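# Close look at the chain arrangement
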Amino acid sequence: STVNNIGSMKNNGFELELTTNQIRKKDFRWSTTANFAHTKNSITELGGEKFLLNQGERTELYLNRVGDPLIQFLGYKTDGVWLSQADITAAQAAGLSSSLSNVFVPGGLKLVDVNGDKVIDANDRTVIGNPFPDFTWGVTNSLKYKSFDLMFMFQGVQGGSLINGDANYNETKRSNKNYNQNRWLSPMFPGDGKTPYSTLGFNWMLTDYVVEDASYYALREILVGYTLPEKFTNKAKISSLRIYFSAQNMFYHFASGYRGINPEARF
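Rules and cut-offs
- Residues numbered from 1 in each chain as written.
- Predicted model: local features only at pLDDT ≥ 70, side-chain atom pairs only at ≥ 80, totals over all residues.
- Heavy atoms only, no water.
- Helix = DSSP H or I, 4+ residues; strand = E, 2+ residues; numbered from the N terminus.
- Rg over C-alpha atoms; globule rule 2.2 N^0.38 Å.
- Buried < 20%, exposed > 50% of the residue type's maximum accessible area, 1.4 Å probe, protein only.
- Contact = heavy atoms within 4.5 Å.
- Areas by Shrake-Rupley, 256 points an atom, 1.4 Å probe, with all protein chains shown as cover.
- Lys, Arg positive; Asp, Glu negative; His and termini not counted.
- Charge placed at Lys NZ, Arg CZ, Asp CG, Glu CD.
- Pairing = 2+ DSSP bridges.
- Axes fitted to C-alpha atoms, helices over the stretch in contact; angles between N-to-C directions.
- Salt bridge = Lys/Arg side-chain N within 4 Å of Asp/Glu carboxyl O.
- Patch = residues over 30% accessible without salt bridge, like charges linked within 9 Å, V, L, I, M, F, W, Y side chains within 5 Å.
- Polar contact = N/O pair within 3.5 Å; in protein donor to acceptor, adjacent residues only side chain to side chain.
- Phe/Tyr/Trp six-rings, centres within 6.5 Å; stacked < 30°, edge-to-face > 60°.
- Lys NZ or Arg CZ within 6 Å of the ring centre and 35° of its normal.

### Notes on the overall build of the protein
- Looking only at helices and strands, the protein has 4 helices and 16 strands in total.
- Against the compact-globule benchmark of 18 Å for 267 residues, the protein has a radius of gyration of 26 Å, which places it well outside the compact range.
- With the principal axes as the frame, the protein shows a C-alpha extent of 90 × 50 × 35 Å.
- Counting every position in the protein, which comprises 267 residues, the buried fraction comes to 32%.
- Intrachain contacts of the protein at a sequence separation of at least 6 include 62% that bridge at least 24 residues.
- Looking at the protein as shown, the accessible area adds up to about 16,100 Å², and 54% of this sits on carbon and sulfur atoms.
- For the protein, the distance from the average position of its 27 positive side-chain charges to the average position of its 25 negative side-chain charges is 12 Å.

Here you go:
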């Protein structure tokens, strides 16, 4: 067997950049540069295959399919948690069944019968997200007053999703309140009806329960500087001297649905 680069894809989109000079005076200047980008991609050919499936390191599934974006997440949709055995018995009495393991467990995730055939199986797997954002953006402001200068830059991503692999680890399930606050404990203490017990039921990594909003924006950099006037540098016999202080990632904001530390680390 051989490995060949047999696929092809297309990309399209646009990028915009705008620079403005709001103030241009002798002692004070202020300019702004903003950029915005939107791109889309799709697979046009996979060496004769209609689609390919690839498993990630935490058992999650990735789909490559002709006509669709390069990467998509494939898995089961969920609809809360099985609250009790009575809840499960009622669903089974209505005809719902499954050949998969750990589907009908109190406190576990309730999988959705996507195709409506009353059987939860591989045919109910569907696209549950992709990592490609709707758009990316950035804004940089530069100000100068006499010998002082200031620069600060915001950058962000809007849209797109990620599979949060943190949910695969028991340490996270025990320590991160987003995974254990209001969780199911028993039929008498069902929590919010949406948060499963960490060790019960179907594998989280194969469901939309771990697919989260990847949007964020950040204050990427602040830079403050001071340039020594020429009358002092000339006396010191140096051409110029500038002292500056910089800091990165002073502020970081991500979507409320994200349960990790940094969505960029999970793309």
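### Comments concerning the sheet that holds strand E15 (residues 216-227)
- Ordered by their spatial adjacency, 6 strands build an open sheet running E1-E2-E11-E12-E15-E16, and the pairing between neighbours is antiparallel. The two strands at the open ends of the sheet, each matched to only one other strand, are strand E1 (7-24) and strand E16 (242-254). When strand polarity is set aside, the average angle formed by the axes of neighbouring strands in this sheet is 10°.
- Looking at chain direction, strand E2 (residues 28-46) and strand E11 (residues 135-145) are connected through 10 bridges and run antiparallel. In the strand pairing of E11, alanine 37 is matched with threonine 136.

### Considering the pattern of salt bridges
- This model, assessed by the stated rule, comprises 6 salt bridges.
- Close ionic contact of arginine 259 with glutamate 212 constitutes a salt bridge, the shortest N to O distance being 2.6 Å. Of this pair, arginine 259 sits in the segment after E16 while glutamate 212 is found in strand E14 (residues 211-213), placing the two residues 47 residues apart along the sequence. Here arginine 259 matches glutamate 212 in class, with each residue buried.
- A salt bridge links arginine 220 to glutamate 264; the nearest nitrogen and oxygen atoms lie 2.7 Å apart. Taken together, the residues span a long stretch of sequence, with arginine 220 in strand E15 and glutamate 264 in the segment after E16 at a distance of 44 residues.
- Take arginine 220: its relative accessible area is 16%, and that puts it in the buried class.

### Examining a nonpolar patch on the surface
- Taken together, the side chains of Met9, Leu70 and Ile71 make up a nonpolar region of the molecular surface, amounting to roughly 200 Å² of accessible area.
- Checked against the element boundaries, methionine 9 lands in strand E1.
- Look at methionine 9 and you get partly exposed, because its relative accessible area is 35%.

### Remarks on the environment of isoleucine 222
- Along the chain, isoleucine 222 falls in strand E15.
- Note on isoleucine 222: relative accessible area 25%, which makes it partly exposed.
- Separated by 35 residues in sequence, isoleucine 222 and proline 187 have C-alpha atoms that sit 52 Å apart.
- With sequence-adjacent residues up to four places away left out, isoleucine 222 is seen in contact with Leu150, Met151, Phe152, Phe245, Ser246, Ala247 and Met250.

### Structural notes on the environment of aspartate 192
- Here aspartate 192 is to be found in the loop between helix H3 (177-180) and E14.
- For the pair aspartate 192 and asparagine 176, spaced 16 residues apart in the sequence, the C-alpha separation amounts to 16 Å.
- A polar contact is formed between the side chain of aspartate 192 and the backbone nitrogen of threonine 195, at a distance of 2.9 Å.

### A look at the sheet that holds strand E5 (residues 72-75)
- Spatially, E3-E4-E5-E10 is the arrangement adopted by the 4 strands of the open sheet, whose pairing is antiparallel. Looking along the sheet, the strands with just one partner apiece sit at the ends: strand E3 (51-55) and strand E10 (126-129). In this sheet, adjacent strand axes meet at a mean angle of 45° when their direction is disregarded.
- Direction of pairing for E5 relative to E10: antiparallel, over a ladder of 3 bridges. By the bridge assignment, glycine 75 is partnered in E10 with threonine 126.

### Topic: the packing of aromatic side chains
- This structure, assessed with the given rule, holds 13 aromatic pairs.
- Ring plane angle 50° and centroid distance 4.7 Å describe the contact between phenylalanine 148 and tyrosine 226, whose orientation is recorded as tilted. Taken together, the residues span a long stretch of sequence, with phenylalanine 148 in strand E12 (residues 148-158) and tyrosine 226 in strand E15 at a distance of 78 residues.
- Among the residues examined, tyrosine 226 registers a relative accessible area of 27% and is labelled partly exposed.
- Aromatic rings pair up to connect Tyr216, Tyr252, Phe254 and Tyr258 into one cluster.
- If you follow lysine 110 out to its NZ or CZ, it ends over the ring of tryptophan 82, 4.8 Å from the centre.
- Looking at arginine 259, its charged tip hangs above the ring of tyrosine 209, at a distance of 4.5 Å from the centre.

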